[in-house]
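Chain and residue survey
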Amino acid sequence: MNIRETLVENMLLKRSFGFDSLWVGGIYTGSSLWSIFVPQVTLQSGILQREKHFDERKSFIFKSFSAQFALRNYSDPIVSSVYIGGVYNADRKFNYGKLKYGNNINFGLDMSIVLSPKVSLDVGLQQRFQTASAFEGRKTSNSYSIPTFSLGATYSLNSDTAISVSGTAGGSSSAPDSVFTISFWKKF
């Protein structure tokens with residue numbers, strides 16, 4: 001097996017469970033447009049990302065960045081949004097070489113159904129287009145089109161703080177089988 005096949009096998013076929021990343025970000029909400037939509041801009045960065053390739057485990061700081069623009073609609077009891085965004089991944093340097101993950105552009109639709117003043121049910125559909133990954137300048141994967149579906153819930157601790165739990169499933173063999181996310185939201 002050559003190094004390219006081993007790299008692809010490690011990236012695509014192995015499954016893992018663990019705490020692998022910590023992100024921080026912010027949301028800016030603008031004034032209402034046409035009395036229907038409220039624009040929002042979300043910016044995030046991966047503070048810490050732990051990765052293992054071959055026998056080397058390494059932690060990376062501020063190597064992934066995300067931006068998203070959304071138009072939200074508030075229609076009691078449903079809050080919905082349509083969005084477009086992207087993720088940029090900087091190169092990762094391991095002892096065996098330099099790894100470049102693909103960047104992506106995505107768009108989708110999110111909907112929250114308010115069940116009570118403190119609890120909402122969250123549903124989302126996303127389509128992501130991801131560029132190819134590379135190792136030492138050689139392409140190791142193709143570009144992908146990845147559809148995903150997410151389902152979760154949000155609990156408001158008070159008027160300024162909430163916690164969300166969600167699960168995401170990929171709709172193609174190129175996506176992870178499942179991703180579990182816990183988000184803590186604080187209004188400043």
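Structure first, text after, so check above.
Let me sum up the structure you'll find in this document.

A closer look at the overall build of the protein chain
- Across its full length, the protein chain holds one helix and 14 strands.
- Relative to its full complement of 188 residues, the protein chain shows a buried share of 29%.
- In the protein chain, the proportion of contacts linking residues at least 24 apart, taken out of those at least 6 apart, comes to 45%.

A look at the pairing of strand 3 (residues 56–61)
- Pairing of strand 2 (residues 38–53) with strand 3, which is carried by six bridges, proceeds in the antiparallel orientation. Each residue of the ladder has a partner; that of Gln49, found in strand 3, is Phe60.

Remarks on the side chain of Gln49
- Structurally, Gln49 can be placed in strand 2.
- Classification of Gln49 by relative accessible area gives buried; the value is 9%.
- At 3.1 Å, the side chain of Gln49 forms a polar contact with the side chain of Ser64.
- Here Arg92 takes part through its side chain, which lies 3.3 Å from a polar atom of the side chain of Gln49.
- Contacts of Gln49, omitting those with residues within four sequence positions, involve Asp20, Ser21, Trp23, Lys58, Ser59, Phe60, Lys63, Ser64 and Arg92.

What about the pattern of salt bridges?
- Evaluated as defined, the whole model comprises two salt bridges.
- Glu51 is the partner of Arg92 in a salt bridge, and the nearest nitrogen-oxygen pair spans 3.2 Å. Within this pair, whereas Arg92 is found in strand 6 (residues 92–94), its partner Glu51 is found in strand 2, the two being separated by 41 residues in sequence.
- Note on Arg92: relative accessible area 1%, which makes it buried.
- Its salt-bridge partner being Lys98, residue Asp91 comes within 3.5 Å of it at the nearest N-O pair.
- Residue Lys98 is classed as partly exposed on the basis of its relative accessible area of 35%.

Here's the deal with the sheet that holds strand 10 (residues 134–135)
- Overall, antiparallel pairing links the four strands, which are arranged 6-7-10-11 in an open sheet. The sheet is open, and its two edges are formed by strand 6 and strand 11 (138–139), each paired on a single side.
- Pairing of strand 10 with strand 11 involves two bridges; the strand directions are antiparallel. Of the residues in strand 11, the one forming a bridge with Phe135 is Arg138.

Basis of the calculations
Residues numbered from 1 in each chain as written. Predicted model: local features only at pLDDT ≥ 70, side-chain atom pairs only at ≥ 80, totals over all residues. Heavy atoms only, no water. Helix = DSSP H or I, 4+ residues; strand = E, 2+ residues; numbered from the N terminus. Buried < 20%, exposed > 50% of the residue type's maximum accessible area, 1.4 Å probe, protein only. Contact = heavy atoms within 4.5 Å. Pairing = 2+ DSSP bridges. Polar contact = N/O pair within 3.5 Å; in protein donor to acceptor, adjacent residues only side chain to side chain. Salt bridge = Lys/Arg side-chain N within 4 Å of Asp/Glu carboxyl O.

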